[in-house]
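Take a look at the letters that make up each chain.
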Amino acid sequence: MFDGLKDKLNDFRKDVEEETEAKEAASESDAEPEAAAPEGTETDETATPAAAADAPAGAAADEAEETGDATGEGDEDDGPSTFRRAKAFATGRIIIEEEDLEEPLWELEMALLESDVEMSVAEEILDTVRETMLGESRKQVETTGELVEAALHDALLDVIAVGQFDFEERLAEADKPVTIVFTGVNGVGKTTSIAKLSEWLEERGYSSVMANGDTYRAGANEQIREHAENLDRKLIAHDQGGDPAAVIYDGVEYAKANDIDVVLGDTAGRLHTSDDLMAQLEKIDRVVDPDMTLFVDESVAGQDAVTRAKEFNDAAAVDGAILTKADADSSGGAAISIAYVTGKPILFLGTGQGYDDLERFDPEALVEDLLGE
Ligand code: GDP
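Computed from a predicted model, the values in this text were never measured in an experiment.

**Describing the packing of aromatic side chains**
For any pair of aromatic rings, the description rests on two quantities: the centre-to-centre distance and the angle between the ring planes.
Step number 1: Under the counting rule described, the total for this entry stands at four aromatic pairs.
Step number 2: For the pair Trp200 and Phe348, a centre-to-centre distance of 5.0 Å together with 80 degrees between the ring planes defines the contact as edge-to-face. Here the residue Trp200 occupies a position in helix α8 (residues 190–203), and Phe348 occupies one in strand β7 (residues 346–350), the gap between them amounting to 148 residues.
Step number 3: The exposure class of Trp200 is buried, given its relative accessible area of 6%.
Step number 4: Judged by centre distance (5.3 Å) and plane angle (45 degrees), the rings of Phe295 and Phe312 are tilted. Here the residue Phe295 occupies a position in strand β5 (residues 292–298), and Phe312 occupies one in helix α12 (residues 303–315), the gap between them amounting to 17 residues.

Below you can see the structure in the form of structure tokens.
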């Protein structure tokens, strides 16, 4: 999941490390002649005059070795050690400046855009990384890699975690039956997600009924009925062309009569115009007053999914999103962008075709995974 993005974030870390190592090498070779002099004269390991006489030569040899190492031309070994980098930071000799970040940040921006991260989201990430790194570098930090990781962690979390709330808690606290309506275009995995969520609820002790408010599309009833039968759930459906609000209303009535906890209401995925969408969802709002509206789209659609999320949310406010097919997506752009662009959180990730392949979206876990080795 999101492996392409993971690689690109890792490249950024390496880019910054290389930039600062080069700078550090340059500054070390500048600083060394001065630093070597007092050590040579006041050396504590050279008590005898003979040993003292050897000291400058020894120091010079060390220095030559270090300078060779530090300038790093063609050097294939580990380069300047973590210790020396840490020491450099701790003494404040190396401060990450705007110019050190310019090139890596540009590369990062390109990488994010290539990964289908929405432009405003990429910019927000860059701003946070820039601010964190320039500010933090004046403190005592461990290594450049860790500094980059901390900056990326905060920057990603800031955009990914927008609007998060505790779905289970909200569910537990709401009066039953809880009505959840699903919006989104066809083919993205909306029906499958309804079935998966029904299973997810069942595992947590909540019963559910499905109501097919997609009365527009031929075959929609059969599609959702197959899932309902597989999972042994009740399905409320009307004939094609019927009123979506009436179907979901019947679902709510069924739930009340049978002590069912949650009503999962599908809606038509493809509409002639957004006016139709508005009118339909407005009527559902009026008639059944759903507790939650969830927008469903597929992770693999990248920017298109982000645009649709915004359009749907503008047309009829959603409470959160389900992002399907994350298992098949290497870029991760939609997962990173949707919450920031819409202000509404991603609540679940679809991670496969099985009914169990639905995970609660956890921004912190995702960020850690993206930044993991
Ligand atoms: P709908 O038209 O939006 O209701 O789409 P469906 O629920 O029928 O799903 C379309 C296809 O996507 C089906 O083949 C599903 O098995 C598949 N699908 C749904 N969710 C996921 C997912 O999270 N991962 C993968 N790999 N496939 C999925």
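Now that the structure has been shown, the text picks up again.
**Here's the deal with the pairing of strand β4 (residues 262–267)**
Step number 1: Most of β4 is tucked away, with six of its six residues classed as buried.
Step number 2: Going residue by residue along β4, you find Val262, Leu264 and Asp266 tucked away on one face and Val263, Gly265 and Thr267 tucked away on the opposite face as well.
Step number 3: Examined bridge by bridge, strand β1 (residues 178–183) and β4 share five bridges and lie parallel to one another. What sits directly across from Ile180, in β4, is Leu264.
Step number 4: Taken together, the six bridges between strand β2 (residues 208–213) and β4 define a ladder with parallel strand orientation. Looking at β4, one finds that Val209 is bridged to Val263.

**Quick notes on the pairing of β1**
Step number 1: Among the six residues that make up β1, six are buried, leaving the element largely enclosed by the rest of the structure.
Step number 2: Covered by surrounding structure in β1 are Val178, Ile180 and Phe182 together with Thr179, Val181 and Thr183, the residues of both alternating faces.
Step number 3: Note: β1 against β5, four bridges, orientation parallel. Counted as the bridge partner of Val181 is Thr293 from β5.

**Description of the packing of α8 against helix α9 (residues 220–231)**
Step number 1: Taken N-terminus to C-terminus, the directions of α8 and α9 make an angle of 20 degrees; their axes are 9 Å apart at the nearest point. Considering their axes alone, α8 and α9 lie roughly parallel with respect to each other. In the crossing of α8 with α9, the sense of the turn from one axis to the other is right-handed. On the side of α8, the interface is formed by Thr191, Thr192, Ala195 and Glu199, while α9 contributes Gln223, Ile224, His227 and Leu231.
Step number 2: Grouping the constituent residues of the contact of α8 with α9 by class yields three nonpolar, four polar and one charged.

**Considerations on a negative patch on the surface**
Step number 1: Taken together, Asp3, Asp7, Asp11, Glu99, Glu102, Glu103 and Glu107 make up a surface patch of like negative charges.
Step number 2: Sorting the residues of the negative patch by element identifies α1 (3–41) and α4 (98–114) as the ones contributing at least two each.
Step number 3: Sorting elements by how many residues they give to the negative patch places α4 first, with four residues.
Step number 4: Residue placement: Glu102 occurs in helix α4.
Step number 5: The class of Glu102 is exposed, set by a relative accessible area of 57%.

**Focus: the nonpolar core**
Step number 1: Formed by 64 residues in total, the largest nonpolar core has its most connected members in Leu9, Ile125, Val129, Met133, Leu156 and Ile336.
Step number 2: Among the elements that make up this core, the one with the highest residue count is helix α6 (residues 144–160) (eight residues).
Step number 3: Inspection of this core shows a minimum of three residues originating in each of domain 1 (3–160) and domain 2 (167–360).
Step number 4: Filtering out sequence-adjacent residues up to four positions away, Ile336 remains in contact with Leu5, Val117, Val121, Ile125, Leu156, Val159, Ile160 and Leu370.
Step number 5: Within the second largest apolar cluster, 27 residues are counted, among which are Phe165, Ile224, Leu235 and Leu264.

**So, the site of the ligand**
Step number 1: Inspection of the region around the ligand gives 17 residues, with Gly187, Lys190, Thr191, Thr192 and Gln223 positioned closest.
Step number 2: Within the backbone of Gly189, an N or O atom sits 2.9 Å from an oxygen atom of the ligand.
Step number 3: Between the ligand and the protein, one listed contact pairs an oxygen atom with a backbone N or O atom of Lys190 at 2.8 Å.
Step number 4: For the ligand, the accessible surface in isolation is 580 Å², of which the surrounding protein chains cover 79%.
Step number 5: Its residues assigned to classes, the shell around the ligand shows two nonpolar, eleven polar and four charged.

**Brief notes about the confidence of the model for the protein chain**
Step number 1: Per-chain confidence: the protein chain averages 83 in pLDDT, with 77% of residues scoring 70 or above.
Step number 2: Within the model, pLDDT remains below 50 along residues 34–81, and this stretch shows 24 contacts once partners closer than five positions in the same chain are excluded.

**Quick look at the pattern of salt bridges**
Step number 1: Per the counting criterion, the structure on display carries 15 salt bridges.
Step number 2: Of the charged contacts in the structure, one is a salt bridge between Arg233 and Glu199, with a shortest N-O distance of 3.2 Å. Here the residue Arg233 occupies a position in the loop between α9 and β3 (235–236), and Glu199 occupies one in helix α8, the gap between them amounting to 34 residues. An identical accessibility class is assigned to Arg233 and Glu199; each is buried.
Step number 3: Salt-bridge contacts for Asp297 lead to Arg308; the nearest nitrogen and oxygen are separated by 2.7 Å. Residue Asp297 is found in strand β5, and its partner Arg308 is found in helix α12; the two are separated by eleven residues along the sequence.

Conventions we followed
- Residues numbered from 1 in each chain as written.
- Predicted model: local features only at pLDDT ≥ 70, side-chain atom pairs only at ≥ 80, totals over all residues.
- Heavy atoms only, no water.
- Phe/Tyr/Trp six-rings, centres within 6.5 Å; stacked < 30°, edge-to-face > 60°.
- Helix = DSSP H or I, 4+ residues; strand = E, 2+ residues; numbered from the N terminus.
- Buried < 20%, exposed > 50% of the residue type's maximum accessible area, 1.4 Å probe, protein only.
- Pairing = 2+ DSSP bridges.
- Axes fitted to C-alpha atoms, helices over the stretch in contact; angles between N-to-C directions.
- Parallel < 35°, antiparallel > 145°, perpendicular 65-115°, else oblique.
- Left-handed = near helix turned anticlockwise from the far one by under 90°.
- Contact = heavy atoms within 4.5 Å.
- Nonpolar A, V, L, I, M, F, W, Y, C, P; charged D, E, K, R; others polar.
- Patch = residues over 30% accessible without salt bridge, like charges linked within 9 Å, V, L, I, M, F, W, Y side chains within 5 Å.
- Areas by Shrake-Rupley, 256 points an atom, 1.4 Å probe, with all protein chains shown as cover.
- Salt bridge = Lys/Arg side-chain N within 4 Å of Asp/Glu carboxyl O.
- Lys, Arg positive; Asp, Glu negative; His and termini not counted.
- Charge placed at Lys NZ, Arg CZ, Asp CG, Glu CD.
- Core = buried A, V, L, I, M, F, W, Y, C linked by side-chain atoms within 4.5 Å.
- Domains from an automatic or database assignment.
- Near = heavy atom within 4 Å.
- Polar contact = N/O pair within 3.5 Å; in protein donor to acceptor, adjacent residues only side chain to side chain.
- pLDDT = per-residue confidence, 0-100.

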